[in-house]
Amino acid sequence: MDTDGEQMTDNDSPDDIINPNDFKSIDVQVMMINETSHTGVMKGQRMFGEEQQKAASAYVKFLEFIDKGMIIEVPHPSCGKGHTLCLDIQVCGIKNEIHFEVTARVMEIENLDEGRDRIKVTLLTYDELFWNAFKSVFQNRQQEVTEFFFAAKGTEKP
Amino acid sequence: MTPAQDKNEALFRKYIDPKKIMITDPCMGMRAGLAKMLTDMGARPGNIKLCRDYDTADQLMPAFKPEIVLCEYDLGPRCGLDLLQAHRAANPESKKSLFILITSNSSQSAVAQAAEEDIDNYILKPYTIDSLRTSIVRSALMKDYPTPYQSSIDEGKTALESGDYDTAIATFEKAMKLDPKPTLACFYHGQANLIKELLDFAQSDYNKGLAYNRIHYKCLTGLFDLLMKRSMHEGAYDVVKRIARYFPANPQRLTTVLRLAVMTNSFEDIERYYQIFTGIETRNEELIKYICAALVVCGKFYLRKESKSRALVLFDKASMYAGEKPAILREIVITLIAANMQKEASGFLKRFASCTHESPEFLAVRYVLQESSMPEVESIAEGEKLLSMGIHDAEIYKILIKRCLQSGDPEKAQNLVRAAIANCPNYEKDFESAMKPDAGQG
């Protein structure tokens, strides 16, 4: 959706009025394999051997970007401090989907209740182009959201 | 951190120190991370409540009365914006409380809904901690240290709420000079004029606001309501299309678009809305009902234009979604019978879902369709039987009136007209014309 007031027209076509894309959200799926312990995360369980290849993303949650790294939430116990993780990251719900892998080291682990750990990882090997594109997806969408949100409200941007 | 950021963080520390905070997010790691960040920024850990779902937060809200709510949009079957209502109810007087969505939902529909609800900010996950801190600090400080423009608007709103409309208008006029794009001031100026019944002035205010900012929600909805109030349907249709384009989440609004498309004879628009409707995964019952109804109206229009095949295509589309909505199928069958398309009407009768075969609509249209092949006495008996079952369908009355006249019983026909008008007052003229001398001949 074009939210730039200067580019808008009043000739709204029905396609603009009910646009299925308006109901789509960006989705990040992360699969994790612990290279140190040779386990993966799938359906909240630690998996071994062949099964780890199927490690599913629903139980790895991407929380925050940090400088050359990220904070994610994983089932407890999936890894220890200093472990090396292979993370398969897929960004869906955008025009050009992004799919790439990184390896990362576990720097901090915070054990939460409910069988979850919040872990901070820094990147070891990664393709800078993909990583920057990944970050840009969210930065750009946040910028669009902020522009639209405060224009619609008619208040100043904070 | 720049000196300005330092200063803001210091002000925020003072702001947040006494505040009660609620964080609602299904993700434990998110709740923990946000609580830690706010504690680092000066919040007291004892003042923070963490909730994993809507129900927990909703139960806690009235007693805890948080002044800051950070909330995920997607809370299982409920939405974070539902919590906003509970928050406003718990803090009706607090203009300085903050409600911020921090969410993975980046869809335009969610953002637009949040803007409509006038929450304080919309922050996407995943974020960087610095960007999140900055957004929260700025949102809070705007509440605590409003600009002169915002202060004037708040002052005018207070005057408006107390019924002092002239003071309110003067204050909004003052506000208009304090901002290069004073859309909000124009809106409230329009509201004051609307209350004073100065409709032309109010319309001009909303248009002026939209000239500064064409997606301003309040001006758009204010203008729409005003045009509807003035029965200016063409203009209202244009405005509601624009609203629906930028604020797509509201099914009620989509139904208004459809209704106005019908009222303004924009039938080609309806066909295209249907195409797009089929692509939407999350259709609610209300939207389905309205799109079916709009397709039927559209089909009737083409039938009147002698474009039978086009009408049948539209009826076909409507019936696909109307299996368990007998009112839609009834309308189609009755319309086709009236157009002497009995064969096609019989086809649509078969589309009633079996669970609706006892419904008044099904029983009525089956009778209407089959009675022409019945002898007079049988037809009257069948029709009366349906009436005695409480099925007061206008079409049954029309047939009975006609049959009674044909059988030479005008007194009974007259009694039926009276009963028909009492039960189906919208069809009064139809019933009266059925009593005219030539009506019983055919």
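Analysis parameters
Residues numbered from 1 in each chain as written. Chains lettered and ligands numbered in written order. Predicted model: local features only at pLDDT ≥ 70, side-chain atom pairs only at ≥ 80, totals over all residues. Heavy atoms only, no water. Helix = DSSP H or I, 4+ residues; strand = E, 2+ residues; numbered from the N terminus. Buried < 20%, exposed > 50% of the residue type's maximum accessible area, 1.4 Å probe, protein only. Contact = heavy atoms within 4.5 Å. Areas by Shrake-Rupley, 256 points an atom, 1.4 Å probe, with all protein chains shown as cover. Lys, Arg positive; Asp, Glu negative; His and termini not counted. Charge placed at Lys NZ, Arg CZ, Asp CG, Glu CD. Phe/Tyr/Trp six-rings, centres within 6.5 Å; stacked < 30°, edge-to-face > 60°. Lys NZ or Arg CZ within 6 Å of the ring centre and 35° of its normal. Pairing = 2+ DSSP bridges. Domains from an automatic or database assignment. Core = buried A, V, L, I, M, F, W, Y, C linked by side-chain atoms within 4.5 Å. Salt bridge = Lys/Arg side-chain N within 4 Å of Asp/Glu carboxyl O. Axes fitted to C-alpha atoms, helices over the stretch in contact; angles between N-to-C directions. Polar contact = N/O pair within 3.5 Å; in protein donor to acceptor, adjacent residues only side chain to side chain.

A closer look at the overall build of chain B
When helices and strands are counted, chain B shows 23 helices and eight strands. Summarising its shape, the C-alpha atoms of chain B cover approximately 95 × 50 × 40 Å along the three principal directions. Classification of the 442 residues of chain B by burial places 52% in the buried group. Counted over contacts in chain B with a minimum sequence separation of 6, partners at least 24 positions apart contribute 60%. Taken as a whole, chain B presents about 20100 Å² of accessible surface, with 50% of it coming from carbon and sulfur. Positive and negative side-chain charges of chain B, numbering 57 and 58 respectively, have mean locations separated by a distance of 4 Å.

Notes on the packing of aromatic side chains
This model, assessed by the stated rule, comprises 23 aromatic pairs over all chains. In textbook terms, an aromatic cluster arises when at least three aromatic residues are bridged by ring pairs, as seen for Phe62(A), Phe65(A), Phe100(A), Tyr126(A), Phe130(A), Trp131(A), Phe134(A) and Phe138(A). Over the ring of Phe64(B) we find Lys20(B), and its NZ or CZ is 5.6 Å from the ring centre.

Considering the pairing of strand S7 (residues 98–111) of chain A
Residues and elements named next belong to chain A. Note: strand S6 (residues 84–92) against S7, eight bridges, orientation antiparallel. For Thr84, the partnering residue across the bridge sits in S7 and is Arg105. Across eight bridges, the pairing between S7 and strand S8 (residues 116–125) is antiparallel. Opposite Glu110, over in S8, you have Arg118 as the bridge partner. Here S7 folds back onto S8, and the loop between the two strands holds four residues, one of which, Glu114, carries a positive phi near 60 degrees.

Considering the environment of Ala422(B)
Residues and elements named next belong to chain B. In this structure, Ala422 sits in helix H22 (residues 410–423). Under the relative-accessibility criterion, Ala422 is labelled exposed at 62%. For the pair Ala422 and Tyr122, spaced 300 residues apart in the sequence, the C-alpha separation amounts to 54 Å.

Digging into the domain arrangement of chain B
Examined at the domain level, chain B breaks down into domain 1 (3–144), domain 2 (148–248) and domain 3 (374–442). Inter-centroid distance (C-alpha atoms) of domain 2 of chain B to domain 3 of chain B is 53 Å.

Structural notes on the nonpolar core
One finds Phe148(A), Leu101(B), Tyr122(B), Phe247(B) and Ile332(B) to be the most contacted residues of the largest nonpolar core, which totals 129 residues. The dominant element in this core, judged by the number of residues it contributes, is helix H15 (residues 285–304) of chain B, at 11 residues. With 29 residues, the next largest nonpolar core counts Met37(B), Ile100(B), Ile136(B) and Val137(B) among its residues.

Considering the pattern of salt bridges
Opposite charge on two side chains makes pairing possible when the charged atoms of those side chains draw close. With the rule as written, the count across this model stands at 27 salt bridges over all chains. One salt bridge in this structure joins Arg118(A) and Glu110(A), with 3.7 Å as the shortest N-O distance. Using a relative accessible area of 35% as the deciding quantity, one classes Glu110(A) as partly exposed. One salt bridge connects Asp269(B) with Lys241(B), and the closest N-O pair in it is separated by 4.0 Å.

Description of the sheet that holds strand S7 (residues 121–124) of chain B
All names here are of chain B. Overall, parallel pairing links the five strands, which are arranged S2-S1-S3-S6-S7 in an open sheet. Of all strands in the sheet, those bounded by a partner on one side alone are strand S2 (48–51) and S7. On average, each strand axis in the sheet is inclined to that of its neighbour by 15 degrees, with strand direction left out of account. Sheet topology note: the strand S1 (residues 21–24)/strand S3 (residues 68–71) ladder contains four bridges and is parallel. Paired with Met22 across the bridge in S3 is Val69. Lying over the sheet, helix H6 (residues 129–144) contacts S3, strand S6 (98–103) and S7, oriented at roughly 160 degrees with respect to S6.

What to know about the environment of Thr158(B)
Residues and elements named next belong to chain B. Tracing the backbone through its elements, the reader meets Thr158 in helix H7 (residues 148–161). A residue is classified by how much of its surface remains accessible, and Thr158, at 43% relative accessible area, is partly exposed. Taking the C-alpha atoms as reference, Thr158 lies 7.8 Å from Ala168; in sequence the two are 10 residues apart. Polar side-chain contacts of Thr158 include one of 2.9 Å to the backbone oxygen of Asp154.

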